[in-house]
Amino acid sequence: MSIEYSVSPEGKRFPIPVPEDHKKELSRLKKEIAKQKQLNREIVVVMGVGFVGVAMAAVIADTVDKKGKPSKFVIGMQRPSIRSYWKIPILNKGISPVISEDQELAPMIKRCVLDKKTLTATFIYEVLSFADVVVVDIQCDYIKESLGDVHNGHAEMSPLEESLAIMAEHITPDTLVLIETTVAPGTTEQIAYPIMKKVFQRRGIKKDPLLAHSFERVMPGKNYVASIRDFWRVCSGINRHARDRVVTFLSEVINTRDYPLTVLDKPIESETAKIVENSYRATILAFLDEWSLFAENNGVDLIKVINAIKVRPTHSNIIFPGPGIGGYCLPKDGGLGIWAYKHIHGFEDNIFRITPLAINVNDTRALHVAQLTRDALRNMSRPIAAADILVLGASYREDVGDTRYSGSELIVRKLTEMGAELKVHDPYLTHWWEFEKQGTYPKKGYSLSRFFHNQEKLSNLKMQKNLKEALKGADAIIFAVRHKQYLGLDPDEVKKMVGNTAAIIDCFGILDDKKIRRYFELGCEVKGLGRGHVRRIKDEVRMQGMRGKVKK
Ligand SMILES: NC(=O)c1ccc[n+]([C@@H]2O[C@H](COP(=O)([O-])OP(=O)(O)OC[C@H]3O[C@@H](n4cnc5c(N)ncnc54)[C@H](O)[C@@H]3O)[C@@H](O)[C@H]2O)c1
């Protein structure tokens, strides 16, 4: 039989465990757990060591009691799949499988695994039978069948449903199961409870499963750990006992002294809180799309307008949407709510108008960047189909290396469809898996490539390491993300590195008026999302040029 491997992003190969490995792993963990029980440590299993699970596992493992002694032993549990198994051996070496700009995460994992010995990772489900608490951080995706129509899609419940059934097979009746996954509202009571209850009944257990829900508000970036530990949480339990248990557990592991818990009556309320929170955010971003177009068509700089509005305290959270929204949560969470209304709760009427519209607008906003690029190049008499275009920034937000559903992905796909040759630079990334592995990433058949033509060659898209090299010969430069490395780029320097004039597209209010003016003076063309005033600056520069005042 041939050996199968799971390969880490750095290219390290780990053989997928065989039955013999399961036995060895169980005996290793039994010994370890016996030791930990002697130390009076609670055993916590975190299911799914992905983006959220890894940091949550580390935060719990770092917990100390009132005397300053470690009080929890955490086992991160991860399926031994080809895609994810590598996370286990990596974590067991004290290395974070998630790359983060947060300076706290890597030392915390190292400390907990190697020094405090309060954190380990495994691939065997049997470990669940030793757990006092199981924290569920498995994904629950919303799969869209078309671009810009969230109604045409479904919640992908199977990973969560399968793991709930497995949990019920192994846990004791007194194990607290804390679902942190963002779920379709109703999941804890109407999906998790019946699945687990049936298994309990088959096992002869009369008690109800102790189910609770508390969603994560984790943010990628430099405050990644703090966004889990030092932040407000909402929680709730399926009954009073589960509610008391989850309050006690969260009060021990996160900083509820400075960030008090909000305890809601029922899990559907906690689940709904997460979905409404993110739908609200998606909506306030989406509604600016039409004002962004209004601004472009009427000589208005939306960035200045927003800054003027922001000073009013009631409007301080108004933010410019950039080239779409992206991230893992905002594009999908509203979809989970819409899906739940019909498929969990059985309603046939369509009450949702604003939430789906917001998601649809956000999901397609980046396509307009391709039009701006085409128009800017056309003004320079350069056809888009023969243009070399450099996209600066692949992440969905500034100063992080997280590409999930980023606007930049759509920009690259649309411009490629239109025939352009694309290059991408991002100081936080060495690979852009959405392209390099577009056949299988994020999962087979789920790549956004399915919504565009001529995407095959994008499998060869490599991240540019050197900005200077990347700029050489570009016909168009798209400032897609507000990474700090791009904010200070000087127009004269850029033109020098390009070696010619270029179309400059500002997607995120990156260029101030002085820079926009200078690009025009240098013979470049400038366009930007929501930046209708560039036309005025262009006219001024042209007038000055006619009066012979511009120095190139
Ligand atoms: N990523 C974010 O920024 C963020 C923020 C807030 C909330 N959330 C929510 O947190 C949840 C988890 O998100 P994530 O980003 O960590 O996802 P992820 O895909 O990075 O991690 C999920 C992990 O669970 C594992 N898994 C799946 N099925 C399993 C099983 N049966 N047994 C054991 N492991 C299994 C997967 O292999 C994967 O490693 C989601 O509901 C998400 O919406 C995420």
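Definitions and limits used
- Residues numbered from 1 in each chain as written.
- Predicted model: local features only at pLDDT ≥ 70, side-chain atom pairs only at ≥ 80, totals over all residues.
- Heavy atoms only, no water.
- Helix = DSSP H or I, 4+ residues; strand = E, 2+ residues; numbered from the N terminus.
- Rg over C-alpha atoms; globule rule 2.2 N^0.38 Å.
- Contact = heavy atoms within 4.5 Å.
- Pairing = 2+ DSSP bridges.
- Axes fitted to C-alpha atoms, helices over the stretch in contact; angles between N-to-C directions.
- Near = heavy atom within 4 Å.
- Polar contact = N/O pair within 3.5 Å; in protein donor to acceptor, adjacent residues only side chain to side chain.
- Areas by Shrake-Rupley, 256 points an atom, 1.4 Å probe, with all protein chains shown as cover.
- Nonpolar A, V, L, I, M, F, W, Y, C, P; charged D, E, K, R; others polar.
- Core = buried A, V, L, I, M, F, W, Y, C linked by side-chain atoms within 4.5 Å.
- Buried < 20%, exposed > 50% of the residue type's maximum accessible area, 1.4 Å probe, protein only.
- Phe/Tyr/Trp six-rings, centres within 6.5 Å; stacked < 30°, edge-to-face > 60°.
- Lys NZ or Arg CZ within 6 Å of the ring centre and 35° of its normal.
- Salt bridge = Lys/Arg side-chain N within 4 Å of Asp/Glu carboxyl O.
- Parallel < 35°, antiparallel > 145°, perpendicular 65-115°, else oblique.
- Left-handed = near helix turned anticlockwise from the far one by under 90°.

Colleague: What exactly am I supposed to notice about the overall build of the protein here?
Modeller: The number of helices and strands found in the protein is 21 helices and 18 strands. Relative to a compact globule of 552 residues, whose C-alpha radius of gyration would be 24 Å, the protein shows 26 Å and is just as compact. Of all intrachain contacts in the protein linking residues separated by at least 6 positions in sequence, the fraction that spans at least 24 positions is 75%.

Colleague: In this structure, what is going on with the sheet that holds strand S9 (residues 176-179)? I would like to understand it.
Modeller: Adjacent strands of a sheet form backbone hydrogen bonds with each other and so pair up, either parallel or antiparallel. Spatially, S5-S4-S3-S6-S9-S10-S11-S12 is the arrangement adopted by the eight strands of the open sheet, whose pairing is mixed. With partners counted over all chains shown, the strands left at the sheet margins are strand S5 (119-122) and strand S12 (262-263), one partner each. With four bridges connecting them, strand S6 (residues 133-136) and S9 associate as parallel partners. Bridge pairing links Val-134 to Val-177 in S9. Here helix H2 (residues 51-61) sits on the sheet and contacts strand S3 (42-47), strand S4 (72-77), S5 and S6; the angle it forms with S4, its principal contact strand, is near 165 degrees. In the packing of helix H9 (residues 267-286) onto the sheet, contacts are made with strand S10 (210-213) and strand S11 (234-237), and the angle to S11 comes to roughly 155 degrees.

Colleague: Honestly, the sheet that holds strand S18 (residues 525-528) in this entry has me stumped. Any pointers?
Modeller: Spatially, S15-S14-S13-S16-S17-S18 is the arrangement adopted by the six strands of the open sheet, whose pairing is parallel. Where the open sheet ends on each side, the last strands, each with one partner, are strand S15 (463-464) and S18. Sheet topology places strand S14 (residues 421-425) next to S15; two bridges connect them, and they run parallel. When the sheet's bridge partners are listed, Val-424 is paired in S15 with Met-463.

Colleague: Looking at this structure, how should I read the site of the ligand?
Modeller: As a structural note, the neighbourhood of the ligand is formed by 25 residues, with Val-52, Gln-78, Lys-87, Thr-182 and Lys-332 the closest of them. Within the contact set of the ligand, an oxygen atom lies 2.9 Å away from a backbone nitrogen or oxygen of Phe-51. The side chain of Lys-332 places a nitrogen or oxygen atom 2.8 Å from an oxygen atom of the ligand. Calculation on the ligand without its partners gives an accessible area of 840 Å², and the protein chains cover 93% of this total. Here the shell around the ligand is composed, by residue class, of ten nonpolar, eight polar and seven charged.

Colleague: How should I be thinking about the nonpolar core in this particular structure?
Modeller: In this structure, Val-45, Ile-60, Val-134, Val-135, Met-167, Phe-249 and Leu-250 are the most contacted members of the largest nonpolar core, which totals 75 residues. Looking at this core element by element, the count peaks at eight residues for H2. Apart from residues no more than four positions distant in its own chain, Val-134 is found in contact with Val-45, Met-47, Leu-128, Met-167, Ile-171, Thr-175, Leu-176, Val-177 and Leu-178. Counting residues in hydrophobic clusters, the runner-up holds 68 residues, among them Ala-295, Val-391, Phe-435 and Phe-520.

Colleague: Explanation requested: the packing of aromatic side chains in the structure shown.
Modeller: In this description, an aromatic ring pair is defined by two values, namely the gap between the centres and the angle between the planes. Overall, the coordinates contain nine aromatic pairs when judged by the stated rule. Summarising the aromatic geometry, the rings of Tyr-85 and Phe-123 are spaced 5.9 Å apart at their centres and angled 75 degrees between planes, so their arrangement reads as edge-to-face. Of this pair, Tyr-85 sits in the loop between S4 and helix H3 (87-92) while Phe-123 sits in the loop between S5 and S6, and the two are 38 residues apart along the sequence. Owing to a relative accessible area of 10%, Tyr-85 belongs among the buried residues under this scheme. Among the residues examined, Phe-123 registers a relative accessible area of 7% and is labelled buried. On the numbers, 4.5 Å between centres and 10 degrees between planes, the contact of Tyr-341 with Phe-347 is stacked. Residue class for Tyr-341 comes out buried when judged on its relative accessible area of 16%. Connected via pairs of aromatic rings, a cluster forms that spans Phe-231, Trp-232 and Tyr-259. Looking at Lys-437, its charged tip hangs above the ring of Trp-433, at a distance of 4.3 Å from the centre.

Colleague: Please explain the pattern of salt bridges as it appears in this structure.
Modeller: If the charged atoms of two oppositely charged side chains come close together, the side chains can form a pair. Within this structure, the stated rule accounts for 39 salt bridges. Residue Arg-382 pairs with Asp-475 through a salt bridge whose shortest N-O separation is 3.0 Å. Taken together, the residues Arg-382 in the loop between helix H14 (367-379) and strand S13 (388-392) and Asp-475 in the loop between helix H17 (467-471) and strand S16 (476-479) connect sequence positions 93 residues apart. The same class applies to Arg-382 as to Asp-475, namely buried. Among the ionic pairs, Glu-521 bridges to Arg-518, the shortest N-O distance being 2.9 Å. Taken together, the residues Glu-521 and Arg-518, both in helix H20 (residues 513-521) and three residues apart, mark about one turn of the helix. Summarising the burial analysis for this pair, Glu-521 and Arg-518 share the class buried. Bridged by salt links that share partners, the residues Asp-301, Lys-304, Asp-506, Asp-513 and Arg-531 form one connected network.

Colleague: How should I be thinking about unusual backbone geometry in this particular structure?
Modeller: Working note: non-glycine residues mostly have negative phi, and peptide bonds are mostly trans. Note that the residue after Tyr-441, namely Pro-442, is joined by a cis bond; omega there is 0 degrees. Tracing the sequence through the fold places Pro-442 in the loop between helix H16 (433-436) and S15. In this structure, Asn-40 is a non-glycine residue whose phi angle is positive, near 65 degrees. Its location among the elements puts Asn-40 in the loop between helix H1 (19-38) and S3. Owing to a relative accessible area of 69%, Asn-40 belongs among the exposed residues under this scheme.

Colleague: Just checking my understanding: could you explain the packing of H9 against helix H10 (residues 288-297) for this structure?
Modeller: The geometry of a pair of packed helices is captured by two quantities: the angle between their axes and the separation between those axes. Where H9 meets H10, the axes come as close as 5 Å, and the angle between the chain directions of the two elements is 15 degrees. When the interaxial angle is binned, H9 and H10 end up roughly parallel. Of the residues in H10, those touching H9 at Ile-284, Leu-285 and Ala-286 are Leu-288, Asp-289 and Glu-290. Looking at side-chain class alone, the contact of H9 with H10 contains four nonpolar, no polar and two charged residues.

Colleague: Looking at this structure, how should I read the packing of helix H12 (residues 333-343) against helix H13 (residues 354-364)?
Modeller: Running from N to C, H12 and H13 point in directions that differ by 145 degrees, and their axes come no closer than 9 Å. As for how H12 packs across H13, the hand of that crossing is left-handed. Between H12, through Gly-334, Gly-335 and Ile-338, and H13, the contact on the second element is made entirely by Thr-355, Pro-356 and Ile-359. Of the residues belonging to the contact of H12 with H13, the class tally is three nonpolar, three polar and no charged.

Colleague: Hey, could you run me through H20 in this one?
Modeller: An α-helical segment advances 3.6 residues per turn. Residues three or four places apart therefore align on the same side. Burial in H20 covers these residues: Lys-515, Ile-516, Arg-518, Tyr-519, Phe-520 and Glu-521. Where H20 is buried, its residues meet S16, helix H18 (484-487), helix H19 (491-498), strand S17 (503-506), S18 and helix H21 (534-546). Immediately beyond the C-terminal end of H20, within one or two residues, lies Gly-523, with a positive phi of roughly 95 degrees.

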